[in-house]
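Structural features, examined
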Amino acid sequence: MSEQPAPAARQQLEPAAADGLRAYAAKTRESADQFAAVLEDIAANGLPSVEECTPWEELREQHLARLARQRPAVA
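The notes below deal with the structure included here. The shown structure was predicted, so the numbers you read here are calculated from the model rather than taken from an experiment. (Residues numbered from 1 in each chain as written. Predicted model: local features only at pLDDT ≥ 70, side-chain atom pairs only at ≥ 80, totals over all residues. Heavy atoms only, no water.)

This part covers the overall build of the chain. Within the chain one finds two helices and zero strands. On the principal axes, the C-alpha backbone points of the chain span a range of 65 × 50 × 20 Å. Carbon and sulfur atoms form 58% of the exposed surface of the chain, whose accessible area is close to 7,600 Å². Of the side chains in the chain, 8 bear a positive and 12 a negative charge, and the two mean positions are spaced by 9 Å. (Helix = DSSP H or I, 4+ residues; strand = E, 2+ residues; numbered from the N terminus. Areas by Shrake-Rupley, 256 points an atom, 1.4 Å probe, with all protein chains shown as cover. Lys, Arg positive; Asp, Glu negative; His and termini not counted. Charge placed at Lys NZ, Arg CZ, Asp CG, Glu CD.)

So, in structure tokens, the structure goes:
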């Protein structure tokens, strides 16, 4: 029987880093839950009509505007 090497000891994170990772995990989990809910709705009810949808160009512009507001202006 061959011996397997012992697992390496893990390096502990600083409390602030661990809190940041937990916050990121919670946000990611929330986003995944929202996405899953949309997919479940589509599976149950079918695709929405074209009139109910927002064109991708409009979504793109909204997202770019949101990103521009988050970044400070460069002189």
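Here the focus is the pattern of salt bridges. Tallying each qualifying case throughout the model produces two salt bridges. Aspartate 19 is the partner of arginine 22 in a salt bridge, and the nearest nitrogen-oxygen pair spans 3.1 Å. Of this pair, arginine 22 and aspartate 19 both sit in helix H1 (residues 15–45), separated by three residues, roughly a single helical turn. What makes arginine 22 exposed here is its relative accessible area of 55%. (Salt bridge = Lys/Arg side-chain N within 4 Å of Asp/Glu carboxyl O. Buried < 20%, exposed > 50% of the residue type's maximum accessible area, 1.4 Å probe, protein only.)

Moving on, we come to the environment of alanine 43. Within the element layout of this structure, alanine 43 appears in helix H1. Relative accessible area serves as the criterion here: at 68%, alanine 43 is assigned to the exposed category. In the structure, alanine 43 is positioned 39 residues away from glutamine 4 in sequence and 47 Å away in space, judged by C-alpha atoms.

The terminal C-alpha atoms of H1, which comprises 31 residues, lie 45 Å apart, in line with the 45 Å expected from a rise of 1.5 Å per residue. Just beyond H1, the residue with positive phi is glycine 46, at close to 85°. (Expected span 1.5 Å × (residues − 1).)

Moving on to the environment of arginine 22. Along the chain, arginine 22 and proline 5 lie 17 residues apart, while their C-alpha atoms are 30 Å from each other. There is a polar contact of 3.1 Å between the side chain of arginine 22 and the side chain of aspartate 19. (Polar contact = N/O pair within 3.5 Å; in protein donor to acceptor, adjacent residues only side chain to side chain.)

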